[in-house]
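Coordinates in review
What follows is the residue order along each chain.
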Amino acid sequence: MAMKIAKERKSSVLASNAVHHRIDSLSAIVALCAIGGAHFLNDASWLDPVGGLLVSMMVINAGWGNTRAALLELVDVGLDDEMKDLIRKSVDGALALRPERLGVRDVAGLKSGQNYLVELTIEVPVGTTVAGTSRIEEGLREVVGAGVRGVKRVKVRFVEEGTVEQAEFVENAQALELEGNHEHHDHDHEPKAQ
């Protein structure tokens, strides 16, 4: 039950708490079996260390899962496929209500702590105005923010239909900078006479 609520709320804190309760219950069952077995079976003293080993392995596994989830949140991991699908359905529903011919080209983003920072690429008809894209963006932000729990930012990029999406990043910026420095320093400098 606790894990179901944690998944619905997309809360790693609640998920960690649910795992903690699950480990407590399982370790109690393992301890009961080990103690009961050692008490009722002859020469079953080996059950105690085996039970301890099982409990230790469960705790280590749960600890690694929590640590991994926390580290992924710290490094702003990308959105998982389930979240992308949920966002895409929300956006598709909103775009279907608009009179323009619009489409979702890409859904991306980051999970930063408990928050989702979403980036949408929307395909618009050729000649769509800036005012038109502003209205679309505002509507999408409202729909995704209200429909998908945890979304804190929705950034929308528009591309005209039939065009290739332009790259956001500067390619070889460092190489270009180095070339510029070499061109500046290639000519000979004569020492000035004093």
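Taking an unreviewed UniProt entry as the reference, the protein is identified by name as Mitochondrial metal transporter belonging to Discina gigas.

1. Examining the nonpolar core
The biggest cluster of nonpolar side chains holds 21 residues, and the ones touching the most others in it are Ile-87, Val-91, Leu-95, Leu-120, Ile-122 and Leu-140. Contributions of two or more residues to this core are made by α4 (81-96), β1 (103-112), β2 (115-124), α5 (130-147) and β3 (151-160).

2. A few points about the pattern of salt bridges
Using the criterion set out here, one finds 5 salt bridges in the structure. A salt bridge links Glu-161 to Arg-101; its shortest N-O distance comes to 2.3 Å. Taken together, the residues span a long stretch of sequence, with Glu-161 in the loop between β3 and α6 (173-185) and Arg-101 in the loop between α4 and β1 at a distance of 60 residues. Residue Glu-161 is classed as partly exposed on the basis of its relative accessible area, which comes to 24%. In this structure, Glu-119 engages Arg-153 in a salt bridge whose closest nitrogen and oxygen atoms are separated by 3.6 Å. Of this pair, Glu-119 sits in strand β2 while Arg-153 sits in strand β3; the two residues are 34 residues apart in sequence, bridging distant segments of the chain. Assessed through its relative accessible area of 29%, Glu-119 is described here as partly exposed.

3. Let's talk about the pairing of β1
With 9 bridges joining them, β1 and β2 adopt antiparallel strand pairing. When the sheet's bridge partners are listed, Val-107 is paired in β2 with Leu-120. Hairpin connection of β1 to β2: 2 residues between the antiparallel strands, including Gly-113 at a positive phi of 65°.

4. Focus: the sheet that holds β3
Taken in spatial order, the 3 strands make up an open sheet running β1-β2-β3, and their pairing is mixed. This sheet does not close on itself; its edge strands, each paired only once, are β1 and β3. Each adjacent strand pair in this sheet contributes to an overall mean axis angle of 15°, direction not counted. Sitting on the sheet, α5 is in contact with β2 and β3, with an inclination near 145° to β3.

Thresholds applied
- Starting from 1, residues in each chain are numbered consecutively following that chain's sequence as written.
- Per-residue local features are limited, in this predicted model, to residues with pLDDT of at least 70; the limit for side-chain atom pairs, both in listing and counting, is 80 or more; totals at the level of whole chains, interfaces and linings are taken over all residues.
- Working from all heavy atoms in the structure, the side-chain values ignore hydrogens and water.
- Take the buried residues of types Ala, Val, Leu, Ile, Met, Phe, Trp, Tyr and Cys, join any two whose side-chain atoms come within 4.5 Å, and each joined set is a nonpolar core.
- Each residue gets one of three labels from its accessible area relative to the maximum for its type: buried under 20%, exposed over 50%, partly exposed in between, using a 1.4 Å probe on protein chains only.
- A helix here means a DSSP run of H or I that spans at least four residues, while a strand means a run of E at least two residues long, and both kinds are numbered starting from the N terminus.
- What counts as a salt bridge is simple: a side-chain nitrogen of Lys or Arg found within 4 Å of a carboxyl oxygen of Asp or Glu.
- Whether two strands pair depends on DSSP finding at least two bridges between them.
- Fitting a line to C-alpha atoms yields each axis, with helices limited to the stretch in contact; the angle taken between N-to-C directions then spans 0 to 180 degrees.
- Any two residues having at least one pair of non-hydrogen atoms within 4.5 Å are treated as being in contact.

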